[in-house]
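Examining the three-dimensional arrangement
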Amino acid sequence: MTNNNSKPTVLVTGGSRGIGAAISRRLARSGYDIWLNYRSGTEAAEKVLEDVEKEGGNCRLLQFDVSQEAEIKEVLEPLLEEKTPYGFIHNAGITRDGLLALMPTENWDAVLNVHLRSFFLLSRLLIKPMLSERKGRIVAVSSVAGETGQSGQVNYSAAKAGMIGAVKALARETARRNIQINVVSPGFIETDMIRDLPMKELLKSVPARRAGRPEEVAGAVNFLMSEEAGYITGQVLGVNGGLYM
Ligand code: NDP
């Protein structure tokens with residue numbers, strides 16, 4: 001592990017797999033230290049930690065469920081006494097798909113809690129020190145489903161649309177203090193999340209006729225975290241091969 005304490009730190013939720021892992025590696029290459037959150041896959045998280053360190057970043061694994069306030073506080077509050085992260089990438093996510101008419105209440109609650117309640121809990125904790133420091137960035141990973149609505153995903157579409165509204169409102173609350181808050185909105189990206197979907201059929205609706213790579217989402221996040229993006233706030237950047245324009 002490197003010991004360069006002067007580097008800015010970014011909290012990445014759901015950093016152990018898929019898009020979050022790619023974001024963690026990419027931001028480490030850009031010179032950030034990473035606080036890498038995950039829920040259960042310690043082995044996968046340790047592998048990403050190694051990759052982050054190879055890219056020159058310090059990496060700290062933070063295991064907590066992003067929807068659980070007590071877990072978040074227990075892990076993050078002591079760390080926030082020492083350091084304010086420059087960035088927060090709100091990426092952790094799940095799906096519990098099914099038609100609304102048949103959807104168990106637990107599947108509605110689980111998806112709304114992991115995507116939206118977590119955004120509230122984590123942003124509330126991080127935004128105060130960011131406001132005091134008069135700098136900070138938040139990038140939320142939403143989805144095309146939140147922009148267009150997706151059949152079989154009323155819960156997920158609601159959560160992802162809610163995230164966009166929350167980002168825009170919070171961006172207005174914080175812009176004066178030099179804090180930029182944006183959304184990256186992916187289409188189909190090759191990760192475990194879409195493993196069981198009928199991709200051959202679904203890709204017919206994508207003008208690029210392919211799924212995206214996690215690295216292509218990470219590139220967009222990296223741009224929004226860069227100095228050049230300092231005048232961009234409250235925006236939704238699609239990474240979707242033309243699926244939604
Ligand atoms: P993956 O299923 O590959 O990875 C999900 C990550 O989130 C894992 O690291 C997982 O950790 C973590 N996670 C899940 N639930 C929790 C929780 N309650 N608390 C903390 N961590 C949690 O998903 P993707 O990489 O595909 O998705 C990342 C984000 O991108 C999600 O928000 C998703 O909705 C969004 N997205 C993905 C698309 C795609 O096509 N793949 C398209 C559009 C948006 P662990 O394994 O430890 O549970």
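Preceding this section is the structure that the text describes.
Note that the structure is predicted; figures quoted are calculated from it, not measured.

Definitions and limits used
Residues numbered from 1 in each chain as written. Predicted model: local features only at pLDDT ≥ 70, side-chain atom pairs only at ≥ 80, totals over all residues. Heavy atoms only, no water. Helix = DSSP H or I, 4+ residues; strand = E, 2+ residues; numbered from the N terminus. Contact = heavy atoms within 4.5 Å. Areas by Shrake-Rupley, 256 points an atom, 1.4 Å probe, with all protein chains shown as cover. Lys, Arg positive; Asp, Glu negative; His and termini not counted. Charge placed at Lys NZ, Arg CZ, Asp CG, Glu CD. Buried < 20%, exposed > 50% of the residue type's maximum accessible area, 1.4 Å probe, protein only. Expected span 1.5 Å × (residues − 1). Phe/Tyr/Trp six-rings, centres within 6.5 Å; stacked < 30°, edge-to-face > 60°. Polar contact = N/O pair within 3.5 Å; in protein donor to acceptor, adjacent residues only side chain to side chain. Near = heavy atom within 4 Å. Nonpolar A, V, L, I, M, F, W, Y, C, P; charged D, E, K, R; others polar. Pairing = 2+ DSSP bridges. Axes fitted to C-alpha atoms, helices over the stretch in contact; angles between N-to-C directions.

**Details of the overall build of the chain**
- Helices and strands together make up the secondary structure of the chain, namely 8 helices and 7 strands.
- Projected onto its principal axes, the C-alpha coordinates of the chain cover approximately 50 × 35 × 35 Å.
- Counted over contacts in the chain with a minimum sequence separation of 6, partners at least 24 positions apart contribute 73%.
- Summing over all exposed atoms, the chain offers an accessible surface of approximately 12,000 Å²; the carbon and sulfur share of this is 49%.
- The chain carries 29 positive and 28 negative side-chain charges, and their two centres are separated by 6 Å.

**A look at the environment of Phe-188**
- Inspection of the secondary structure assignment puts Phe-188 in the loop between strand E6 (179-186) and helix H7 (199-202).
- For Phe-188, a relative accessible area of 18% gives the class buried.
- It is 8.8 Å that separates the C-alpha atoms of Phe-188 and Leu-202, two residues lying 14 residues apart in sequence.
- Excluding residues that lie within four positions of it along the chain, Phe-188 makes contacts with Ile-194, Leu-197, Met-199, Leu-202, Ser-205, Val-206, Ala-211, Gly-212 and Leu-243.

**Observations concerning helix H1 (residues 18-29)**
- Between its terminal C-alpha atoms H1 stretches 17 Å, which fits the 16 Å expected from 12 residues at 1.5 Å a residue.
- Every buried residue of H1 is listed here: Ile-19, Gly-20, Ala-21, Ala-22, Ile-23, Ser-24, Leu-27 and Ala-28.
- Positive backbone phi, approximately 105 degrees, marks Gly-31, located one or two places after H1.

**Description of the packing of aromatic side chains**
- According to the stated counting rule, one finds 1 aromatic pair in the structure shown.
- Pairing Tyr-32 with Tyr-86 gives two aromatic rings, centres 6.3 Å apart and planes at 5 degrees, and the pair type is stacked. Here the residue Tyr-32 occupies a position in the loop between H1 and strand E2 (33-38), and Tyr-86 occupies one in the loop between helix H3 (69-82) and strand E4 (87-90), the gap between them amounting to 54 residues. Across this residue pair, the class does not change: Tyr-32 and Tyr-86 are buried.

**A word on the environment of Ala-110**
- Tracing the backbone shows Ala-110 in helix H4 (residues 105-133).
- Remark: the alpha-carbon pair of Ala-110 and Gly-152, spanning 42 residues in sequence, is separated by 15 Å.

**As for the side chain of Ser-143**
- You can see Ser-143 is positioned in the loop between strand E5 (136-141) and helix H5 (144-148).
- Here the side chain of Ser-143 touches Ala-145 through a polar contact of 3.0 Å, landing on its backbone nitrogen.
- Apart from residues no more than four positions distant in its own chain, Ser-143 is found in contact with Tyr-156, Lys-160, Ser-185 and Pro-186.

**What about the site of the ligand?**
- Contacts to the ligand come from 32 residues, most closely from Ser-16, Ser-40, Asn-91, Tyr-156 and Thr-191.
- Between Arg-39 and the ligand, the recorded distance is 3.0 Å, taken from a side-chain N or O atom to an oxygen atom.
- Protein chains bury 96% of the 910 Å² of accessible surface belonging to the ligand in isolation.
- Mapped by element, the contributors of at least two residues to the shell around the ligand are H1, E2, H4 and helix H6 (154-174).
- Within the shell around the ligand, the residues separate by chemical class into 14 nonpolar, 13 polar and 5 charged.

**Considerations on the sheet that holds strand E3 (residues 59-63)**
- Ordered by their spatial adjacency, 7 strands build an open sheet running E3-E2-E1-E4-E5-E6-E7, and the pairing between neighbours is parallel. Pairing within the sheet leaves two strands with one partner each, and these edge strands are E3 and strand E7 (236-239). Taken pair by pair, the neighbouring strands of this sheet meet at an average axis angle of 20 degrees, ignoring direction.
- As judged from the 4 bridges shared by strand E1 (residues 9-12) and E2, these two strands associate in the parallel manner. Within the sheet, the bridge partner assigned to Val-10 lies in E2 and is Ile-34.
- This element, H3, spans E1, E2 and E3 of the sheet and lies at about 150 degrees to E3.
- Relative to E4, H4 is tilted by about 175 degrees, and along the sheet it contacts E1, E4, E5 and E6.

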